[in-house]
Amino acid sequence: MSDLFGPSRRVVPVLVPVAIDTAYSYKVPRDMEVVPGSIVVVPLGPRKVIGVVWDEAPGGETVGDNRLREIEHVFPAPPLQESLRRFVDWVGGYYLMPRGMIVRMVVRSPEALEPEARIRGVRRAGPMPERQTEARKRVLELTQDGAGWSRSGLAASAAVSSSVIDGLIAQGTLEEVWLESGRAIDVPNPDFAPPTLNDEQQEAAVALRAATGERAFSVTLLDGVTGSGKTEVYFEAVAETLRQGRQAVILLPEIALTGEFLDRFAERFGSRPAEWHSQATPKARAQVWRGVTSGEVRAVVGARSALFLPFADLGLIVVDEEHDGAYKQDDGVHYHARDMGVVRARLGGFPVVLSSATPSIESRVNADQGRYRRLILEKRARGAELPDIEAIDLRRHLPARGKFLSPPLVAALRETLARGEQALLFLNRRGYAPLTLCRTCGHRFQCPECSTWLVEHRFRGILTCHHCGHTVRRPDHCPECGEVDSLIACGPGIERIAEEVAEAFPDAHRMILSSDLPGGVARMKEELAAVARGEADIVIGTQLVAKGHNFPKLTLVGVVDADLGLAHGDPRAAEKTFQLLQQVTGRAGRAARPTDGGTARPGGVAKGLLQTYAPTHPVIKAIVAGDREGFYTHEIEERRIIGLPPFGRLAGIVVSADEREPAQSLAHALARSAPAVERVTVLGPTEAPLAVIRGRHRFRLLVKTDRATDLQAYLKRWFAAAPSPRGSERISIDIDPQSFL
Ligand code: ADP
Ligand code: ZN
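The notes below deal with the structure included here. Predicted model only: the values in this text are computed from it and were never measured.

Focus: the pattern of salt bridges
For the coordinates displayed, the defined rule picks out 45 salt bridges. Of the charged contacts in the structure, one is a salt bridge between Glu214 and Arg373, with a shortest N-O distance of 3.2 Å. Of the two residues, Glu214 is situated in the loop between helix 6 (199–213) and strand 9 (218–224) and Arg373 in strand 17 (residues 373–377); the sequence distance between them amounts to 159 residues. Since its relative accessible area comes to 41%, Glu214 is described here as partly exposed. Between Arg628 and Asp223 there is a salt bridge, with the nearest N and O atoms lying 2.6 Å from each other. Of the two residues, Arg628 sits in helix 17 (residues 628–642) while Asp223 sits in strand 9, which places them 405 residues apart along the sequence. Judged by relative accessible area, Asp223 falls into the buried class, the value being 0%. Where salt bridges share partners, they join Asp21, Asp55, Glu82, Arg85, Arg86, Asp89 and Arg99 into one cluster.

Concerning the coordination of the zinc ion (ligand 2)
Binding of the zinc ion (ligand 2) to the protein goes through Cys447 (SG), Cys450 (SG), Cys465 (SG) and Cys468 (SG), at separations of 2.3 to 2.4 Å. Of note is the zinc ion (ligand 2), whose four donor atoms meet at the metal with angles of 106 to 114° in an arrangement that counts as tetrahedral. In primary-sequence terms, the residues that donate to the zinc ion (ligand 2) follow C-x2-C-x14-C-x2-C. With a gap of 15 residues between them, Cys450 in the loop between strand 20 (435–438) and strand 21 (455–457) and Cys465 in the loop between strand 22 (462–464) and strand 23 (471–473) connect regions that are remote in the sequence. Using a relative accessible area of 2% as the deciding quantity, one classes Cys450 as buried. Since its relative accessible area comes to 3%, Cys465 is described here as buried.

Description of the sheet that holds strand 9
Taken in spatial order, the seven strands line up as 11-12-10-13-16-9-17 in an open sheet, and their pairing is parallel. Here the strands that pair on one side only, and so sit at the sheet edges, are strand 11 (274–276) and strand 17. Direction aside, the axes of adjacent strands within the sheet are offset by 20° on average. Strand direction decides the pairing type here: strand 10 (residues 247–251) and strand 13 (residues 314–320), joined by five bridges, are parallel. Following the sheet pairing, Gln247 is matched in strand 13 by Leu314. Sheet contacts for helix 11 (residues 361–368): strand 9, strand 16 (351–356) and strand 17; angle to strand 9, the most-contacted strand, approximately 115°.

Quick notes on the sheet that holds strand 31 (residues 696–706)
In space, the four strands of this open sheet follow the order 30-31-29-32, with antiparallel pairing throughout. The two strands at the open ends of the sheet, each matched to only one other strand, are strand 30 (680–693) and strand 32 (730–735). Pairs of neighbouring strands in the sheet enclose a mean axial angle of 20°, with direction left out of account. Alignment of strand 30 against strand 31, held across eight bridges, turns out to be antiparallel. Looking at strand 31, one finds that Ile693 is bridged to Arg696. On the sheet, helix 19 (residues 711–721) packs against strand 29 (648–657), strand 30, strand 31 and strand 32 and is oriented at approximately 30° with respect to strand 29.

Some thoughts on the site of ligand 1
Neighbouring ligand 1 are 17 residues, the closest being Thr196, Gln201, Gly227, Lys230 and Arg264. Within the contact set of ligand 1, an oxygen atom lies 3.1 Å away from a side-chain nitrogen or oxygen of Glu232. Relative to its unbound accessible area of 560 Å², ligand 1 is 79% covered by the protein chains. Per-element tally for the shell around ligand 1: the top contributor is helix 7 (residues 230–243), with three residues. Partitioning the shell around ligand 1 into residue classes produces three nonpolar, nine polar and five charged.

Things to note about unusual backbone geometry
The amide bond that connects Pro645 to the next residue, Pro646, takes the cis arrangement and shows omega of 5°. Checked against the element boundaries, Pro646 lands in the loop between helix 17 and strand 29. For the peptide bond that leads from Gly684 to Pro685, omega is 10°, which places it in the cis range. Tracing the sequence through the fold places Pro685 in strand 30. One non-glycine residue, Leu96, lies in the positive phi region at around 55°. Secondary-structure assignment places Leu96 in the loop between helix 1 (82–95) and helix 2 (99–106). Not every positive phi belongs to a glycine, and Arg694 is a case in point at roughly 50°.

About the criteria used
- Residues numbered from 1 in each chain as written.
- Chains lettered and ligands numbered in written order.
- Predicted model: local features only at pLDDT ≥ 70, side-chain atom pairs only at ≥ 80, totals over all residues.
- Heavy atoms only, no water.
- Salt bridge = Lys/Arg side-chain N within 4 Å of Asp/Glu carboxyl O.
- Helix = DSSP H or I, 4+ residues; strand = E, 2+ residues; numbered from the N terminus.
- Buried < 20%, exposed > 50% of the residue type's maximum accessible area, 1.4 Å probe, protein only.
- Donors = N, O, S within 2.8 Å, 3.2 Å for Na, K, Ca; no water.
- Tetrahedral: all angles 85-135°; square planar, octahedral: opposite > 155°, others 65-115°.
- Pairing = 2+ DSSP bridges.
- Axes fitted to C-alpha atoms, helices over the stretch in contact; angles between N-to-C directions.
- Contact = heavy atoms within 4.5 Å.
- Near = heavy atom within 4 Å.
- Polar contact = N/O pair within 3.5 Å; in protein donor to acceptor, adjacent residues only side chain to side chain.
- Areas by Shrake-Rupley, 256 points an atom, 1.4 Å probe, with all protein chains shown as cover.
- Nonpolar A, V, L, I, M, F, W, Y, C, P; charged D, E, K, R; others polar.

Take a look at the structure:
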């Protein structure tokens, strides 16, 4: 038994992976050894669940000792470390989520908990068979070096039937053995191919290596323009961590699409890192989980959930594109992986690197106030110039009727094609048109389950809801008035832009990149690679294309609607638009010289064109002027004045129900029960902008405090005495909300 419990402690607290915050008490059977962190199986009601032995005064069940139930099994996997257990406590406390739900994210690869099933195999043992056949010869050749083979693998490779192998076993030529489990895990080599860094990168790399060398908590914001080589630089921190014999994790916002990234890692370190994301097979995930716990896996590249892996000796977290909204999980457990990355590093006592060309306002302010170190890369690594950005004022340069590309943008496309270069048209709207209506009766196609319009996808001949997936075939007559050929598409989606491009440039090779095209991730990866090889002349894409890809031939980026996103009631609208436009236009002209596979003319720079109705909007002006600092100064000042994050704190509360009335009255009752406290403002309730999703009616409250107030304590106090939901009613709390819909 562990000292923490003392020798006689036979009742321990166990956190179970359900929506419960308290650990339950369980008896430890006589012959069982558990310590805090042990992963166990316990009975819970009629079920058996995987739980984790915790290290605090047991709470919850108040039954007499003799009625306590027993732990049934302890897995051989190493116990969760102290710092990971404190991390689980912290995440639960911060987001007001039951810790059972957090612990579930740690142990959610149950097949990983047992050692990998071993396979019976064969290997060369001794004498040659008395009688040689062609089939036998092939088997003998393959097994010459004495390595173990699975029966089926050997039979397939030698093109023989399994009876040939049985015969050789009977002769004593082959023997049966247990095979080593799993594939050999690649060990990245920190000195495999060190890069030649430019001066600015070198300086940043030295600072990062030093931070890593301290083996202590620190946060470094790596703030460098698109194409400045941030990856090469933070790889040096990864290398240093590997030299220390510790593990590193790199978080990416769109891991499933980043085959290119894994190759880059392999070029630098000689082998690919382990991958962790939801698209991986359960078997592959189990292997990574196991390797991470044992310490054999030294580097993981993963989605936000990689943060909850039970590393044996984690020494570095890198959060790439740290500003990206994909780091916020908004279903199940609400959490922000960048923010929790910083927390995990603090609890574990190691450094974290946040990398971005467009840092979040939060991280910028933390750097400005000295809480984070900031390293700046001002130049593009390959000497390329940043693209020249211009606004196209749509009030003066109207697209033709029913079209969406203005004459100056069409002219720029033509010039780009004439030079044999690549262009990207960006519009953050999937499908053909965001709204379909009947020109005879005015009927609009709305989702029956959500308060949204159905989006037309013309290639597939459907109208679909982007919130719940409700889909109908596009009819040829209006369902309301029956008029035939009366339906019209309003507004553009990327399919419609592709159609316009096809009419204007029939000979150009077009490619659409969007997350919902048939073929899924595999096809998208292939298409992104094709674009990178220069195979498309004009790429039409959603924000999928904005994220970190390298397209060497790309020299023109046209943003079809730069105003999209500027006009909501979202306090981060300006920031998000700035980041997205900056990232998208940053795809252009990344390879300057023909030797880099780039085609930019000498002295010529790539171009970004923003179509806008608001050329004087501060965000548009800052991007056109290339005035990053100006944008940050302005935006930070605005936030300071109105007390928005990071100068104040927010919590979003969504009250929902199957009917409108109960949702509304619960929201009002909740608002009335809010304790009046200085420096805390409760706004609302108001009907949510997305008033109905999947048939659930939604109302929103917003809690706003200053930085010094303990927001969580306030919310706990409030909810302890507030009316609780009944029937279909639900209340969900979102700390540091990113979405206000
Ligand atoms: P960022 O992440 O800052 O946008 P990347 O790390 O993707 O930039 O680097 C952009 C490109 O420049 C990549 O193709 C990379 O291989 C290349 N690169 C980076 N640093 C150097 C360097 N010192 N010398 C040559 N090429 C470099
Ligand atoms: Zn819907």
